[in-house]
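In case you want the letters, here they are:
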Amino acid sequence: MKNKYFKILMLGTIGLLPLLNCTGNFEEIDSEYNGVYDEQLLADFALLTNPLRQIQSNLQNPQNWIYQLQTNLNADMYSGFFSTATRYNGGINNTTYFMMDGWNERIMLNQLEDVNQQYKNFKLNAPKYYPGIDFSQSLAVLNISRILAAQKVSDAHGPVIYSKFETPGANGITDFDSQQDAYNHFVTDLNAAIVALQKPIGVEDKAVISKSDLVFGGNTANWAKLANSLKLRYAIRISYADPAKAKQYAEEALASSAGLIDDTSENALVSYGKASPLFDIIYSWGDCKIGAPLMAYMNGYNDPRISLYAQPATDAGVLNQYVGVRQGVDLSPGYGSYSKAAAISANGDYFSGSNGKNKIFTAAEAWFLKAEAAIRGYAGAGDAGTNYNKGISVSLEEWGKAAGYDAYVNNSTSTEAPYIDPKNHSNDILAGNPQLSTITIKWNATDSFERKLERIMTQKWIALYPDGAEAWAEQRRTGYPIIFKNVLNDSQGTISTDAMIRRIPIPSKYRNSTLNYAQAVQLLGGPDTGGTKLWWDKK
């Protein structure tokens, strides 16, 4: 985070004020532009395509410093995918479990003030400027995007503003949904989206989606697959908290005619059309390094994707090695020349400086979800081992390493590599340490349920990269993969070093506002600290 970006933000905000003011009064716009809407903007559906594009783009904010606060300095780090060599706040910050309130407010702010505002703009504009026209499939895409945004907030904080955000109480205060209610709302709304997306589409509706779809280029069948795949994700997410509903939702998704995203050609990636926000964070600012746990697994497995996930270190002590920075350690020895993160897929560089991509959902995740559904005995899930191997196969294909499949899936001996820190050997994780996993790659149908789950989750975690938010959620839900614990813990007793951070407290910006914070804490069922488990975190 550099000061110049805050200056740019302020200048940009000032420049946008006239536009922001106008969005609340479309009559003034009509007067100012003397009918331009009728002749040009209305014909181009700009009043609908712009909100729809923005809501997709803002799922992970494309502005570098905003993304850094929204995701990179919390979920990305806690997932084990990323770390940092930068000693923010004198080395006492989120990464050492000292919750940085001003940073973390961006998680909710992005959803409430960016995503939800675009949702409201679309719903206001459609009937006002295009009365009588059916935009149900565009609205389905809008709702899927809004669900994704709310899911990320709920997985970070727990209670979330979702079903009631447009209906505050008489006192002007808006209530939260509990995480349990929110997840059920997500599934209900996904069901509606699937139905809408499988109906014939009108000419106007098709035009809006074609002009605004940053994910599938106007392919509504793939949007239906994404909705159904998310339904399966949410079913598995609640498997410990509500086993009956998890089974119901999963079996519905597995039987749905919508299908799942199960081929790499269908991977859901938001194309920014400009630099990834991580480009500057990693390559210009040097604030983001690859995580030590991810490199330990990939080195141990001789994973063919490693050169696509990271760059070799240039530090003399680990020269040309793939070595990450361990989170929650004293950074004063200097780790700035350890491995930088990368993400060079077969479909382009996700962290590109000109055409970055945000990974939402891929075929690999669907196959690993099916593998877990199979070991849980859900109808329609198929064979767990077949699904597991297919998950590895399509992940290797995503990264252009399909040729390495046979050797990789038949590796029955390799395990996570020890972590050696030549700058401070007290940070080492040596063979025999319980923080090192002993799980191998090759599927073993005779293993216990728990051993099968660890194998599935470890490979799923590697395949989820670089989606830190989803990886952190799944690691908390299952305990897998096993990742390194913090050495430094500045939480003042609110977060257990052994249990690790379970959630992010609701920031003070939203504790004294028009949101019902007292109700949120009640719904949380524990203190508003990083040590309180979320509803689905029941294992």
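Look up: the structure comes first, before these words.
Just so it is clear, the structure is predicted and the values come from calculations on it, not from any experiment.

S.K.: Could you clarify how one ought to interpret helix α9 (residues 179–197) in this entry?
M.R.: Structural remark: α-helix, 3.6 residues per turn; residues separated by three or four positions point the same way. Given a rise of 1.5 Å per residue, 19 residues ought to cover 27 Å, and the 26 Å separating the end C-alpha atoms of α9 matches this to within 8%. Within α9, the full set of buried residues consists of Q179, A182, Y183, N184, F186, V187, L190, A193, I194, A196 and L197. At its buried positions, α9 is contacted by α8 (136–157), α11 (220–237) and α12 (243–255).

S.K.: Sorry, what's going on with the packing of aromatic side chains here?
M.R.: To describe a pair of aromatic rings, one takes the distance between the centres and the angle between the planes. Overall, the coordinates contain 28 aromatic pairs when judged by the stated rule. Ring geometry for Y119 and F165: centres 5.8 Å apart, planes at 55 degrees, overall tilted. Placement of Y119 in helix α7 (residues 101–129) and of F165 in the loop between α8 and α9 is noted, with a sequence separation of 46 residues between them. For F165, a relative accessible area of 13% translates into the label buried. Members of the aromatic cluster, connected to one another through ring pairs, are F81, F82, Y297, Y301, Y309, Y350, F351, W399, W461 and Y465. The ring of Y408 carries the charged tip of R305 above its face, separated from the ring centre by 5.4 Å.

S.K.: Whenever I open this one, the nonpolar core confuses me. Can you help?
M.R.: Grouped burial of nonpolar side chains is what soluble globular proteins tend to show. If you look at the biggest cluster of nonpolar residues, it comprises 152 residues, and the most contacted ones within it are I144, L226 and Y465. With near-sequence residues (within four places) excluded, I144 lies in contact with L190, A193, L197, W223, L226, A227 and L230. Grouped together as the second largest cluster of nonpolar side chains are 15 residues, A292, A296, L331 and I429 included.

S.K.: Would you take a moment to explain unusual backbone geometry for this structure?
M.R.: Keep in mind that most residues, glycine aside, have a negative phi and that most peptide bonds are trans. Residue P466 is bonded to the preceding Y465 through a cis peptide linkage, with omega at 10 degrees. Position of P466 among the secondary structure elements: in the loop between α19 (449–464) and α20 (468–478). In this structure, Q492 is a non-glycine residue whose phi angle is positive, near 60 degrees. Looking at the element boundaries, Q492 is found in the loop between α20 and α21 (517–524). Owing to a relative accessible area of 77%, Q492 belongs among the exposed residues under this scheme. For M500, which is not glycine, the phi dihedral falls at a positive 65 degrees. With respect to the element layout, M500 can be found in the loop between α20 and α21. Residue class for M500 comes out buried when judged on its relative accessible area of 13%.

S.K.: Honestly, the side chain of T95 in this entry has me stumped. Any pointers?
M.R.: Note that T95 resides in the loop between β1 (82–83) and α7. A polar contact of 2.6 Å, which involves the side chain of T95, links it to the side chain of N93. Excluding its chain neighbours within four sequence positions, the residues that come into contact with T95 are M77, Y78, T84, Q327, G328 and N486.

S.K.: I'm lost on the side chain of N64 in this one. Help?
M.R.: As for its position among the elements, N64 is in helix α5 (residues 64–72). A distance of 2.9 Å separates a polar atom in the side chain of N64 from a polar atom in the side chain of D280.

S.K.: Explain the packing of helix α16 (residues 363–375) against α19 here, please?
M.R.: Each pair of packed helices can be summarised by the angle the axes make with each other and by the distance between the axes. Where α16 contacts α19, the two axes come as close as 10 Å, and the packing angle between them is 170 degrees. Between α16 and α19, the crossing angle belongs to the class labelled roughly antiparallel. Residues A364, E365, F368, L369, A371, E372 and I375 of α16 pack against F449, K452, L453, I456, M457, Q459, K460, A463 and L464 of α19. Each residue belonging to the contact of α16 with α19 can be placed in one class, and the counts come to 11 nonpolar, one polar and four charged.

S.K.: It is not clear to me how the pattern of salt bridges should be interpreted in this structure. Could you clarify?
M.R.: Where charged atoms from two side chains of opposite charge approach closely, those side chains can pair. Tallied over the full model, the rule gives 25 salt bridges. Notably, a salt bridge pairs R503 with D528, separated by 2.8 Å at the nearest N-O pair. Remark: D528 occurs in the segment after α21 and R503 occurs in the loop between α20 and α21; sequence separation between them is 25 residues. What makes D528 buried here is its relative accessible area of 14%.

Cut-offs applied
Residue numbering note: each chain is counted from 1, following its sequence as written. Reporting of local features is limited, given that this is a predicted model, to residues whose pLDDT is at least 70; pairs of side-chain atoms are given and counted only at 80 or more, and all residues count toward the totals for whole chains, interfaces and linings. Water and hydrogen atoms were dropped before computing side-chain values, which therefore reflect all heavy atoms in the structure. Helix and strand definitions follow DSSP, with helices as H or I runs of at least four residues and strands as E runs of at least two, each counted in order from the N terminus. To estimate how far a helix should reach, multiply one less than its number of residues by 1.5 Å. Relative accessibility decides the category of a residue: with a 1.4 Å probe and only protein chains considered, values under 20% of the type maximum give buried, values over 50% give exposed, and everything between is partly exposed. Two residues qualify as a contact provided that any one of their heavy atoms is within 4.5 Å of a heavy atom in the partner residue. Centres within 6.5 Å make a pair out of two Phe, Tyr or Trp rings, where for Trp the six-membered ring is used; the pair is then stacked when the planes are under 30 degrees apart, edge-to-face when over 60, and tilted otherwise. In our convention, an over-ring charge means Lys NZ or Arg CZ found within 6 Å of a ring centre and within 35 degrees of that ring's normal. What is meant by a nonpolar core is a set of buried Ala, Val, Leu, Ile, Met, Phe, Trp, Tyr and Cys residues, joined one to another through side-chain atoms within 4.5 Å. In the analysis that follows, any N or O atom pair within 3.5 Å is treated as a polar contact, provided that within protein one partner can donate a hydrogen and the other can accept it, and provided that, for residues neighboring in sequence, both atoms belong to side chains. Here, axes are lines fitted to C-alpha atoms. For helices the fit covers the stretch in contact, and angles between N-to-C directions go from 0 to 180 degrees. Here the word oblique covers every angle except those under 35 degrees (roughly parallel), over 145 (roughly antiparallel) and from 65 to 115 (roughly perpendicular). Residues were grouped as follows: Ala, Val, Leu, Ile, Met, Phe, Trp, Tyr, Cys and Pro as nonpolar; Asp, Glu, Lys and Arg as charged; and all remaining residues, including Gly, as polar. For salt bridges, the criterion is a side-chain nitrogen of Lys or Arg within 4 Å of an Asp or Glu carboxyl oxygen.

Just distances and angles here, no functional claims.
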